[in-house]
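The primary structure of each chain is shown beneath.
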2 protein chains.
Amino acid sequence: MATTNGHTNGAPKSAEEIAKAAKKAFEASQLVTTEQRNEVLESIRHALQASKDKVFEANKLDLEAAEKEVQAGRLSQQLLKRLDLTKGSKFDDMLQGISDVAALPDPTGQVTYATKLDEEMELYRVTCPIGVLLVIFESRPEVVVNITALAIKSGNAAILKGGKESLHTASLLTSIIQSALSTSPLEPAFIQSVQTRQEISALLSQDRYIDLVIPRGSNALVRSIQQASRIAVMGHADGLCAVYLDESADETKAVRVTVDAKCDYPSACNAAETLLVHESLLTTVWPKVALALIEKGVQLRCDDASLAGLRCAQEVSGNKAFPSLVREIAPEDYDTEFLDLILAVKVVSSLSDAVQHINAHSSHHTDAIVTENAANGATFCRAVDSAGTFVNASTRFADGFRYGLGTEVGISTGRTHARGPVGLEGLVIYKYMIRSADGKGSIAGEFGTGKKPFLHQQMQGVIRLPF
Amino acid sequence: MATTNGHTNGAPKSAEEIAKAAKKAFEASQLVTTEQRNEVLESIRHALQASKDKVFEANKLDLEAAEKEVQAGRLSQQLLKRLDLTKGSKFDDMLQGISDVAALPDPTGQVTYATKLDEEMELYRVTCPIGVLLVIFESRPEVVVNITALAIKSGNAAILKGGKESLHTASLLTSIIQSALSTSPLEPAFIQSVQTRQEISALLSQDRYIDLVIPRGSNALVRSIQQASRIAVMGHADGLCAVYLDESADETKAVRVTVDAKCDYPSACNAAETLLVHESLLTTVWPKVALALIEKGVQLRCDDASLAGLRCAQEVSGNKAFPSLVREIAPEDYDTEFLDLILAVKVVSSLSDAVQHINAHSSHHTDAIVTENAANGATFCRAVDSAGTFVNASTRFADGFRYGLGTEVGISTGRTHARGPVGLEGLVIYKYMIRSADGKGSIAGEFGTGKKPFLHQQMQGVIRLPF
């Protein structure tokens, strides 16, 4: 069987060998052009298309093994479903995804700063790939192809680790990709995959060769990787989002935004887990919002004030038994990512209280205000220290595709490099290039106090690297 | 004595309390405007000016203690000199530095991406501070004031740790800064300082509150911090830069660029440590470059081919004894940051060999090519995987001020967030803001396949946040 880490003699490679081979493949790729990388992507698409039957066979092996795990109660039916690459248009969608990524603008080679240092000397800051990515994900085998496309498009080498449930499929997909690479300007080790957890923990210490770790999966996975590695990690460990209904909240907007934020996809990281209600809305907007949520089957965990508001509204309406979906809050509920039809509710007496609650309890992912007061909207956006702050829009918009980033590499709750939904831009960094056309060459000793001054004439507009 | 971590009752605070107070001060500062932050900087300048005598007294205490250490041979004379804040215009320069930073453009509040998602819904990506910085530096006490200015300007709270030699001066400077903050819109805990190494190691585990660690000092300091912390670290552990003399190198440029790169400031991280010479230059350009270096007192550690070139040139000239500054290379010399008048020399047979040597041995800091061939210059800039790649310009230009960044927070050899010389931009990240003016509020459930499409009309040019 072909190994999938670019090794040909069959002996397993150590984590260091894998990481070193990735870095070598990355360094060897520096002169591969955008057009060539796009061609590589198309050749991978064709190779996968030609091996569709084989991929399905490998996928069947994984599915059979997984079914046994499901029967034994060790795996969920949902995970089994995610594993299946043969269903519907999943395989074709996976291939189309490669072409979609190829069609995106090149994130590398962009000049983001340029300045004239001297009459004949210019400085350019140019985007370029980061280096070697280690991407760790769970069961869905098509992620191998998806990440491969993103890595090649952005010029980064990648080491992939999928869930053990997708072992056969992921290994075969990587083999096919490496075969395609072997006749391309990129080395086969540009994309490698590893299979075991042991390999991952060894790879996490290869900070000499690996530049960025991207965990895609559960909070537990992300946290364990952040704990285990000194390498930069791009991932989100939590999505504890809040919606705040401000004093001036419009009822229709309050109902629609809250219901969408909670119910559109409750298990997503951008779903709301906490609702903050201004005290002035207790018997007006709040009961309407509560009713709409209850109709959607949402369990409300309420503090005393919000409970009182509901009881009061119920007495006025004079009907129906008190809804069974309404419960008393427990203190930990404000720090819990339910990922379910459950919402923690708290009454606040001011915008400032709402902001303080969010900054103290939210995961700094995405939070929204519903307000008719533009100044309060602006204050909320600035004062809430989260990756996304929205006015009269659902937290569910926090997503790379919805933001128009073309693709989503992940969502970062980190505060350096990339924050929030991350597109291809999150896979690049930059380097500085100086070109001197000075007849004698440019030397630093000729500049400074009492010598030549630097011009520092910043070039404006869209600048292309002239060499 | 006033403590310098924003604590008033005299009891020492734990690392967690310090870090938590910093985060709280950061969160409380979100609505403080650019203008207010600039005013705070000016008030700090005035407070320091008014306390000049006291600062000099504290500095004298540090100097006296340091002199004893020098006499005991435990401290270098150079370090003692760095500690002295009373010499010449050092104090006034320190104060002027505050105003210089205040005068820089605000790195926060810049819209770097904006797109119309729907007719009445816009998305803005806006730069903002990162959060809490932990800055660790060595003896120079004025760094306290310098970092304070950068942190306040960029809206980041900071915890500072200087060398133990500057204890009295640094503590007093921080007290004065905190007094000034206590009557400002920023909380005193926005700038704190800690004194002991124990506190640092405890702080390095406060990843819940501290967002970025910036070590400024020796390689050993930077490396030990990178090893000890899971928090993002921005620093450079090495500066092993190379100059490559290409086949077509002009003699004048070769001599000037190499001599400047090596001799302008040999202990700087952007000084050259390695010279690569194309084999075609062995008896032409290379001996001229060697002679110029020897005249400057540079010891040349040469491989066999470069040695042979020198001998051959000497035989032709027929005079002088073989220079004593020329030695044979040892293999580790190509991986050594000499920080001294020593240069490792290697002959290569092609541009590609030069690139491979640099990618394998340099610290990916800054490398330069001397060439008259524009295509080779462009190839070098792309193929060398370093933060700076220069054509016919000395590696010594790699510097924040020289790049026109206004200031230099540090130089990063990291590959995420910031790379190369880092200005105020390195102290900011961004957040996404959505503003919907849709009459019913914007909800995600109404968009997608078969529903409303996203407009994704990217706004062009310089965009100001409209709210």
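Counting restarts for each chain: residues are numbered from 1 in the order of the written sequence. The order in which chains are written sets their letters, starting at A; the order in which ligands are written sets their numbers, starting at 1. For this predicted model, a pLDDT threshold of at least 70 governs which residues receive local features, and a threshold of 80 or more governs which side-chain atom pairs are given and counted, while totals over whole chains, interfaces and linings are taken from all residues. Derived side-chain values reflect all non-hydrogen atoms in the structure, with water molecules and hydrogen atoms excluded from consideration.

With that settled, consider the nonpolar core. Counting 175 residues, the largest nonpolar core has Leu-203 of chain A together with Leu-203 of chain B as its most contacted members. Pairs of residues are marked as contacts when any of their non-hydrogen atoms sit within 4.5 Å. Excluding anything up to four places from it in sequence, Leu-203 of chain A contacts Ala-15, Ile-18, Ala-19, Leu-134, Ile-159, Val-194, Ile-210 and Ile-231 of chain A. One finds Val-243, Ala-261, Leu-282 and Val-289 of chain A within the second-largest nonpolar core, a separate group that totals 32 residues. Working definition of a nonpolar core: buried Ala, Val, Leu, Ile, Met, Phe, Trp, Tyr and Cys residues. They are joined through side-chain atoms within 4.5 Å. Think of it in three bands: with a 1.4 Å probe and only protein chains considered, a residue is buried below 20% of the maximum accessible area for its type, exposed above 50%, and partly exposed in between.

This paragraph deals with the interface of chain A and chain B. In this assembly, 80 residues from chain A lie in contact with 80 residues from chain B. Accessible-area loss on putting two parts together, using a 1.4 Å probe and summing over both, is the definition of buried area adopted here. Of the roughly 6900 Å² buried between chain A and chain B, counting both surfaces, carbon and sulfur atoms make up 55%. Of all residues in chain A, Arg-256, Arg-415 and Tyr-432 of chain A give up the largest surface area on contact with chain B, accounting jointly for 10% of the area buried on that side. A carboxyl oxygen of Asp or Glu within 4 Å of a side-chain nitrogen of Lys or Arg is what we treat as a salt bridge. Counting every contact that joins chain A to chain B gives six salt bridges.

Next up on the list: the domain arrangement of chain A. Those domain boundaries reflect an automatic or database domain assignment. The assigned domain composition of chain A is domain 1 (15-228) and domain 2 (241-397). For domain 1 of chain A versus domain 2 of chain A, the separation of C-alpha centres amounts to 39 Å.

This paragraph deals with the pairing of strand E4 (residues 157-161) of chain A. All names here are of chain A. Numbering of helices and strands runs from the N terminus, with a helix taken as a DSSP run of H or I at least four residues long and a strand as a DSSP run of E at least two residues long. Where burial is concerned, most of E4 is hidden: five out of the five residues are buried. Side chains Ala-157, Ile-159 and Lys-161 project from E4 onto one buried face, and the interleaved Ala-158 and Leu-160 project onto a second face that is buried too. Pairing between two strands requires that DSSP report at least two bridges joining them. Sheet topology places strand E3 (residues 132-137) next to E4; five bridges connect them, and they run parallel. The residue bridging Leu-133 from the neighbouring strand is Ala-158, located in E4. Of the strand pairs in this sheet, E4 and strand E5 (residues 191-194) are connected by four bridges, and their pairing is parallel. In the sheet register, Lys-161 faces E5, and the bridge partner there is Val-194.

Residues and elements named next belong to chain B. Reading across from one edge, E5-E4-E3-E6 is the order of the four strands in this open sheet, with parallel pairing throughout. At either margin of the open sheet sits one strand with a lone partner, and together these are strand E5 (191-194) and strand E6 (212-216). Across the sheet, the mean angle separating the axes of adjacent strands is 20° when strand polarity is ignored. As paired elements, strand E3 (residues 132-137) and E6 share five bridges and run parallel to each other. Interaxial angle, 0 to 180 degrees, is taken between N-to-C directions of lines fitted to C-alpha atoms, where a helix line uses only the stretch in contact.

A few words on the state of the cysteines. By convention in this document, the label disulfide applies to cysteine sulfur atom pairs within 2.5 Å. Tallied over the full model, the rule gives zero disulfides over all chains. With no disulfide of its own, Cys-241 of chain A lies 6.8 Å from the sulfur of Cys-269 of chain A, the closest cysteine sulfur.

In this section: the packing of helix H2 (residues 34-50) of chain B against helix H6 (residues 142-154) of chain B. All names here are of chain B. Relative to each other, H2 and H6 sit at 160°, their axes nearing to 8 Å. The pairing of H2 with H6 is recorded here as roughly antiparallel in orientation. In this structure, H2 meets H6 at a crossing whose hand is right-handed. For the pair H2 and H6, the contacting residues are Arg-37, Asn-38, Val-40, Leu-41, Ile-44 and Leu-48 in the first and Val-145, Thr-148, Ala-149, Ile-152, Lys-153 and Ser-154 in the second. Here the contact of H2 with H6 is composed, by residue class, of seven nonpolar, three polar and two charged. Any angle that is under 35 degrees is reported as roughly parallel, and any over 145 degrees as roughly antiparallel; angles of 65 to 115 degrees are reported as roughly perpendicular and all others as oblique. The handedness criterion is simple: a crossing whose near helix is rotated anticlockwise from the far helix by less than a right angle is left-handed, and one whose near helix is rotated clockwise is right-handed. Think of it as three bins: nonpolar holds Ala, Val, Leu, Ile, Met, Phe, Trp, Tyr, Cys and Pro, charged holds Asp, Glu, Lys and Arg, and polar takes everything else, Gly as well.

With that settled, consider the side chain of Asn-359 of chain A. Tracing the sequence through the fold places Asn-359 of chain A in helix H13 (residues 351-361). Ignoring any residue separated from it by four or fewer positions in sequence, one finds Asn-359 of chain A in contact with His-364, Ala-383, Val-384 and Asp-385 of chain A together with Glu-27 of chain B.

What you tend to see is this: most non-glycine residues have negative phi, and most peptide bonds are trans. Phi is positive for His-364 of chain A, which is not a glycine, with a value near 60°. Within the secondary structure, His-364 of chain A sits in the loop between H13 and strand E12 (366-370). Judged by relative accessible area, which is 17%, His-364 of chain A ranks as buried. Even without a glycine there, the phi angle at Leu-339 of chain B is positive, about 55°. Assignment of secondary structure puts Leu-339 of chain B in the loop between strand E10 (326-328) and strand E11 (342-348).

Attention shifts here to the relation of the copies chain A and chain B. A least-squares superposition brings the copies together, and it is based on the C-alpha atoms of residues with pLDDT no lower than 70 in both. Turning chain A through 180° and shifting it by 0.0 Å along the axis lays it on chain B, with an RMSD of 0.1 Å. In the structure described here, the two chain copies are related by an operation that fits a two-fold rotation axis. Closest to the rotation axis within chain A is the C-alpha of His-417 of chain A, separated from it by 1.8 Å. Interface overlap between copies is the fraction of interface residues in one copy that are interface residues in the other; for chain A against chain B it reaches 100%, indicating a shared surface.

Working definition: rings of Phe, Tyr and Trp (its six-membered ring) pair if their centres are within 6.5 Å, and the pair is stacked with planes under 30 degrees apart, edge-to-face with planes over 60 apart, and tilted otherwise. All chains considered together, the criterion is met by 16 aromatic pairs over all chains. For the ring pair Phe-56 of chain A and Phe-91 of chain A, a centre distance of 5.4 Å and an interplane angle of 90° mean the geometry is edge-to-face. Placement of Phe-56 of chain A in helix H3 (residues 52-71) and of Phe-91 of chain A in helix H5 (residues 90-103) is noted, with a sequence separation of 35 residues between them. Both residues of the pair, Phe-56 of chain A and Phe-91 of chain A, belong to the buried class. A centroid spacing of 5.9 Å and a plane angle of 65° characterise the contact between Tyr-124 of chain B and Phe-467 of chain B, whose relative ring orientation is edge-to-face. Taken together, the positions of Tyr-124 of chain B in strand E2 (residues 121-129) and Phe-467 of chain B in the segment after strand E17 (457-458) put the pair 343 residues apart, joining distant regions of the chain. For Tyr-124 of chain B, a relative accessible area of 3% translates into the label buried. We classify Phe-467 of chain B as buried; its relative accessible area is 14%. An aromatic cluster is defined as three or more aromatic residues linked by ring pairs; in this entry it consists of Phe-397 of chain A together with Phe-447 and Phe-454 of chain B. Two conditions define a charge sitting above a ring: the NZ of Lys or the CZ of Arg must be within 6 Å of the ring centre, and it must be within 35 degrees of the ring normal. The positively charged end of Arg-125 of chain A is found above the aromatic ring belonging to Tyr-430 of chain A, 5.1 Å away from the centroid. In this structure, Lys-346 of chain B is placed above the aromatic ring of Tyr-334 of chain B, and the distance from its NZ or CZ to the ring centre is 5.5 Å.

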